[in-house]
Amino acid sequence: METKNNYTGIDYDDIIPHRAIHPGEILWEERKARGISREAFAEQLGMPCPHLNELLRGKRDFTPAFALKLEGALHISAKTWMNMQASYEGDLIRIKAHRA
């Protein structure tokens, strides 16, 4: 699938990010922006706080089940969260290949 920008001539598939951004980083910022404590958010999602912390810190990957919980809690589609997870994984592969 070609992703070349017709105006700039940039092929976005050739861009290697400096670092991959885990969806937990985005969730961390979203939670903070909404003023929700980690403890209250973990309770709302029905999970132990240490488990949520691992997700927020990128120590665990987002699953479809977790994405659905986020959709219910934040009204941000599960598909959006899963797309972020897929982009993160793809970026990790690109970075690793580029450094090899």
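Relevant structure appears above.
Residues numbered from 1 in each chain as written. Predicted model: local features only at pLDDT ≥ 70, side-chain atom pairs only at ≥ 80, totals over all residues. Heavy atoms only, no water.

(A) The overall build of the chain, seen in detail. Broken down by element type, the chain carries 5 helices and 0 strands. N-terminal to C-terminal, the α/β element order of the chain is α-α-α-α-α. The globule rule puts the C-alpha radius of gyration for 100 residues at 13 Å, and the 16 Å found for the chain is more than 25% above it. Counting only C-alpha atoms and orienting by the principal axes, one finds that the chain spans roughly 45 × 30 × 25 Å. Charge separation in the chain, taken as the distance between the mean sites of 14 positive and 14 negative side-chain charges, equals 5 Å. (Helix = DSSP H or I, 4+ residues; strand = E, 2+ residues; numbered from the N terminus. Rg over C-alpha atoms; globule rule 2.2 N^0.38 Å. Lys, Arg positive; Asp, Glu negative; His and termini not counted. Charge placed at Lys NZ, Arg CZ, Asp CG, Glu CD.)

(B) Structural detail: helix α5 (residues 78–99). Between the first and last C-alpha of α5 there are 32 Å, a value that for 22 residues agrees with the 32 Å anticipated at 1.5 Å per step. Looking at the buried residues of α5, the elements they touch are α1 (23–33) and α4 (64–74). (Expected span 1.5 Å × (residues − 1). Contact = heavy atoms within 4.5 Å.)

(C) View of the packing of α4 against α5. Interhelical geometry of α4 versus α5 gives an angle of 135 degrees and a closest axis separation of 8 Å. In terms of axis orientation, α4 runs oblique to α5. The handedness of the crossing between α4 and α5 is right-handed. Contacts between α4 and α5 pair Pro64, Ala67, Leu68, Leu70, Glu71 and Leu74 from the former with Ala78, Trp81 and Met82 from the latter. Here the contact of α4 with α5 is built from residues that sort into 8 nonpolar, no polar and 1 charged. (Axes fitted to C-alpha atoms, helices over the stretch in contact; angles between N-to-C directions. Parallel < 35°, antiparallel > 145°, perpendicular 65-115°, else oblique. Left-handed = near helix turned anticlockwise from the far one by under 90°. Nonpolar A, V, L, I, M, F, W, Y, C, P; charged D, E, K, R; others polar.)

(D) Focus on the pattern of salt bridges. Tallied over the full model, the rule gives 5 salt bridges. Between Glu29 and Lys32 there is a salt bridge, and its shortest N-O distance comes to 3.9 Å. Here Glu29 pairs with Lys32, and both are found in helix α1, just 3 residues apart, close to one helical turn. One salt bridge in this structure joins Asp91 and Arg94, with 2.9 Å as the shortest N-O distance. Here Arg94 and Asp91 lie together in helix α5, a separation of 3 residues that amounts to about one turn. (Salt bridge = Lys/Arg side-chain N within 4 Å of Asp/Glu carboxyl O.)

(E) Representation of the packing of aromatic side chains in the model. Inspection of the entire model under this criterion finds 2 aromatic pairs. With centroids separated by 4.9 Å and ring planes inclined at 90 degrees, the aromatic side chains of Phe62 and Phe66 adopt a geometry described as edge-to-face. The buried category is assigned to Phe62, whose relative accessible area is 3%. Between Phe62 and Trp81 the ring centres are 5.9 Å apart and the planes differ by 40 degrees, which places this aromatic pair in the tilted class. Here the residue Phe62 occupies a position in the loop between α3 (49–56) and α4, and Trp81 occupies one in helix α5, the gap between them amounting to 19 residues. Assessed through its relative accessible area of 1%, Trp81 is described here as buried. (Phe/Tyr/Trp six-rings, centres within 6.5 Å; stacked < 30°, edge-to-face > 60°. Buried < 20%, exposed > 50% of the residue type's maximum accessible area, 1.4 Å probe, protein only.)

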